[in-house]
Amino acid sequence: MVYGLLELEEYEEAREYLSPVFKDIMKVNKALKTAQPAVNALLQAKMEAAEQQGIDFYLEVGTQLDALALEPWELCKVLANLIDNAVTALEEGRTEKHISLEIREAADFYRFAVRNSGPMIPLEQQRMIFSEGYTTKKEAGHGMGLSIVSAVLKEAGGEIR
């Protein structure tokens, strides 16, 4: 089907055909499990909550997390904060809403990359967002999440950018 559409130079139709297929493939990828049941449960809950808000959540797990030096509940704190911030960034009436979480393992470290289709954090704020009490939100009661994430990762010998 796709080949035929491309041969006919019907690129938009090919894109429309592939879009739901791609989403289905990514959902199958979501079924990948780590060796950390608490992390699996958190990721499943966050994916379902995001999708209920009309956010496409893409997850790519390239490791079992079986040699992670961080306690699972600490990793859950980190991931929950990062995912919640990504969801919040998408609440501003955006039409295309997606979040991706990539979990990878290298020879001597793990990498967790959270991305969203929301607006970029202005450069002048990027240095401050990990400071305790700093927030870009208008409501009270914010400004602790990224400082907690930063502290947890620093204590485990990691970093956040």
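Residues numbered from 1 in each chain as written. Predicted model: local features only at pLDDT ≥ 70, side-chain atom pairs only at ≥ 80, totals over all residues. Heavy atoms only, no water.

1. Some words on the side chain of Lys 46
Next up, step 1: Looking at the element boundaries, Lys 46 is found in helix H3 (residues 37-52).
Next up, step 2: Within the local environment of Lys 46, its side chain forms a polar contact with the side chain of Asp 84, the two groups lying 2.6 Å apart. (Helix = DSSP H or I, 4+ residues; strand = E, 2+ residues; numbered from the N terminus. Polar contact = N/O pair within 3.5 Å; in protein donor to acceptor, adjacent residues only side chain to side chain.)

2. Things to note about the pattern of salt bridges
Next up, step 1: In total, this model carries seven salt bridges according to the counting rule given.
Next up, step 2: Its salt-bridge partner being Lys 46, residue Asp 84 comes within 2.6 Å of it at the nearest N-O pair. In this pair, Asp 84 sits in helix H4 (residues 72-89) while Lys 46 sits in helix H3, placing the two residues 38 residues apart along the sequence.
Next up, step 3: By relative accessible area, which is 34% here, Asp 84 ends up partly exposed.
Next up, step 4: The salt bridge partner of Lys 77 is Glu 74, with a shortest N-O separation of 3.1 Å. Of this pair, Lys 77 and Glu 74 both sit in helix H4, three residues apart, roughly one helical turn.
Next up, step 5: Three or more residues joined by partner-sharing salt bridges are found here, namely Glu 60, Glu 102, Arg 104 and Arg 115. (Salt bridge = Lys/Arg side-chain N within 4 Å of Asp/Glu carboxyl O. Buried < 20%, exposed > 50% of the residue type's maximum accessible area, 1.4 Å probe, protein only.)

3. Quick notes on H3
Next up, step 1: Spanning 16 residues, H3 covers 23 Å between terminal C-alpha atoms, matching the ideal 22 Å at 1.5 Å per step.
Next up, step 2: For H3, the set of buried residues is Val 39, Asn 40, Leu 42, Leu 43, Lys 46, Met 47 and Ala 50. One side of H3 carries all its buried residues, which in axial view fall inside an arc of 165°. Across from the buried face of H3, at angles greater than 90 degrees, the exposed residues are Pro 37 and Gln 52.
Next up, step 3: In the stretch just after H3, Gly 54 is the one whose phi turns positive, near 80°. (Expected span 1.5 Å × (residues − 1). Arc of directions from axis to C-beta.)

4. So, the sheet that holds strand S1 (residues 56-61)
Next up, step 1: The three strands lie next to each other as S1-S2-S3, forming an open sheet whose pairing is mixed. This sheet does not close on itself; its edge strands, each paired only once, are S1 and strand S3 (110-116). Each strand of the sheet is rotated relative to its neighbour by a mean of 10°, with strand direction disregarded.
Next up, step 2: As defined by bridge partners, S1 adjoins strand S2 (residues 98-105) across six bridges and the pair is classed as parallel. Counted as the bridge partner of Tyr 58 is Ser 100 from S2. (Pairing = 2+ DSSP bridges. Axes fitted to C-alpha atoms, helices over the stretch in contact; angles between N-to-C directions.)

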